[in-house]
Amino acid sequence: MIGTAIVGAGVAGLGMGARLKRSGRDDFLIFERAGGLGGTWRDNVYPGVACDIPSQLYSYSFRTKPDWSRRFAPGAEILGYLRATARAEGLDDHLRLDEPLTAARWDEDAALWHLETPRGSYEARALVMAAGRLSEPRLPDIPGLDSFAGRAFHSARWDPRPLDGLRVGIVGTGASAVQLLPEVARQAAHVTLFQRSAAWVLPRGDRAFAPGEAQPSRAELDAEAEALFAARLAGSSELGALRARAEAHLSASVADPALRAALTPDYEIGCKRALFSDDYFAAVQRPNVTLEASALTGVEGGVAVAASGARHELDVLIFATGFETSRPPFARLVTGRDGETLAAHWSEGMVSHASTVVHGFPNLFVLDAPNAALGHHSAFEIIEAQIGYVLGALDFLDAAPAPLEVSAEAEAAYSAEIDRLAGRTVWTQGGCSSWYLDPASGRVTLLWPAPVAEFRARYGAFDPAPFEPVPAVARA
């Protein structure tokens, strides 16, 4: 039997493993469906991929890196950091690569999780789902796409073959697209950028660190990031100042009034993810780039048809269209008490208590999923707080006579609090639809709608009060 089974070897899963190891717990395995660790940073290798959080914040607080190469680390450097972390923290013997979870079922009689993989069956006292939100590429349903005569792929499944001399279409204007466009435009003969909706773009201010240069203070960067939360509150002066900064960046970068108008969003900044780039607007204005200010609606052989009626002949289609976030595919694999799957429990949107535990799923801990993302700070901050919560729960389980299941009342109260806090933000009042909102309920189910310090203080340590006894059962 495994003490703790972890599913996913990305930032959350590796961090969980490292903290388990440091706490003296060796009875855990990390199951990873791919042949290597790293999660998002293993999968996304498109040209220009990088973090949009300062490097010092995009790392574990218990394993800082003093020699980042740039202010915003390139993807390959982040992947190298995660690999080095796994080695240094002694995780190699705990990794089960190329071993995807195919099913997890709570056995009430044995008070264990039964896990199935292509290689065999396992039993675990606790199950930690660390599959993340950015693991399953989302492809739009485009009529005729199967007839496309050229290459078509998602940015997270990058085709490394050269683009020189080719006509390339990029679908989407989100975080991946703004990094991708400048690089692709330098290679391709021509690029058509399909923009369903314009994005707010802020200057990035990226640069390389000089050899031996002192790295910025993590504490100071943390304080700066926390201050940005005020700019997520609808109607705040900080939000107005952020919008003015983005408008000034657009005005300074794009002289043509018609193009500038096409690149101006019709919703409040921050309602969708604000982007950071120093070269996106310059790339849009290159002579070999066409901004198609409407969505891709169809494909006819080698021709991409836009909502505007325009037709574009292409050799390559790149979909920078995001991921399945509000309906994580792993939820279909997890069956809790009474035979309910996590997907069914979340059919009207993800719910939880403390963004980590779910009613009806004893001894299950979910990292980086319901209301665990941040719109102003590093994902590491919430993930590390959740890991602290899980470690406390495991300590409690060591002495507890029954499995841990959070009460339905606690889950409902937490969801109501999330709704109350989210109701004051630009995510609900900014006049847009975004991946932050659940498509069924319209609730904010992805983001924690308050400063991260508040999450750390309230949910960075385990509190048994919201839990209820699991019904006593006969033990074999």
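None of these values were measured; they are calculated from a predicted model.

A few words on unusual backbone geometry. Although it is not a glycine, Ala 354 adopts a positive phi angle of roughly 60°. By the element assignment, Ala 354 lies in the loop between helix H9 (342-345) and strand E18 (364-366). Of note, Asn 371 is a non-glycine position whose phi angle comes to about 50°, a positive value. One can find Asn 371 in the loop between E18 and helix H10 (379-399). Note on Asn 371: relative accessible area 2%, which makes it buried.

The next thing to look at is the packing of H10 against helix H13 (residues 452-459). One way to put it is that H10 packs onto H13 with a least axis distance of 9 Å and a crossing angle of 5°. Judged by the inter-axis angle, H10 sits roughly parallel to H13. Residues Glu 381, Ile 382, Ala 385, Gln 386 and Tyr 389 of H10 pack against Val 452, Phe 455, Arg 456 and Tyr 459 of H13. Among the residues making up the contact of H10 with H13, the classes are represented as six nonpolar, one polar and two charged.

This part takes up helix H11 (residues 408-422). Helix length check: H11, at 15 residues, gives a terminal C-alpha distance of 21 Å against a target of 21 Å (1.5 Å per residue), a fit within 8%. Restricting attention to buried positions, one finds in H11 the residues Ala 410, Glu 411, Tyr 414, Ser 415, Glu 417, Ile 418, Leu 421 and Ala 422. All buried residues of H11 lie within an arc of 160° about the axis, which places them on one face of the element. Turned more than 90 degrees away from the buried face of H11, the exposed residues are Glu 409 and Arg 420.

On to the state of the cysteines, then. One pass over the structure, following the stated rule, counts one disulfide. Here Cys 271 pairs with Cys 432 through a disulfide, and the sulfurs are 2.0 Å apart. The sign of the S-S torsion, about -100°, decides the handedness of the disulfide formed by Cys 271 and Cys 432: left-handed. Residue Cys 271 is found in the loop between helix H7 (257-262) and strand E11 (275-276), and its partner Cys 432 is found in the loop between helix H12 (426-429) and H13; the two are separated by 161 residues along the sequence. The exposure class assigned to Cys 271 is buried, which follows from its relative accessible area of 0%.

Definitions and limits used
- For every chain, the first residue of the written sequence is number 1, and numbering continues from 1 along that sequence.
- Owing to the predicted nature of the model, reporting of local features is limited to residues with pLDDT of at least 70; listing and counting of side-chain atom pairs is limited to 80 or more, with chain, interface and lining totals taken over all residues.
- Side-chain metrics rest on all non-hydrogen atoms present in the structure, leaving aside hydrogens and water.
- The secondary structure listing takes helices from DSSP runs of H or I that are at least 4 residues long and strands from runs of E that are at least 2 residues long, numbered from the N terminus.
- The classification of residues rests on relative accessible area computed with a 1.4 Å probe and restricted to protein chains. Under 20% of the type maximum is buried, over 50% is exposed, and intermediate values are partly exposed.
- For helices, the fitted axis covers only the stretch in contact; all axes are lines through C-alpha atoms, and the angles between them, taken along N-to-C directions, range from 0 to 180 degrees.
- The cut-offs work like this: below 35 degrees is roughly parallel, past 145 is roughly antiparallel, 65 to 115 is roughly perpendicular, and the gaps in between are oblique.
- Any two residues whose heavy atoms approach within 4.5 Å at even a single point are treated as in contact.
- In this classification, the charged set is Asp, Glu, Lys and Arg, the nonpolar set is Ala, Val, Leu, Ile, Met, Phe, Trp, Tyr, Cys and Pro, and all remaining amino acids, among them Gly, are polar.
- Expected span of a helix, by definition, is 1.5 Å for each gap between consecutive residues, and there is one gap fewer than residues.
- To be clear, the arc concerns the directions from the helix axis to the C-beta atoms.
- Defined by distance alone, a disulfide is two cysteine sulfur atoms within 2.5 Å.

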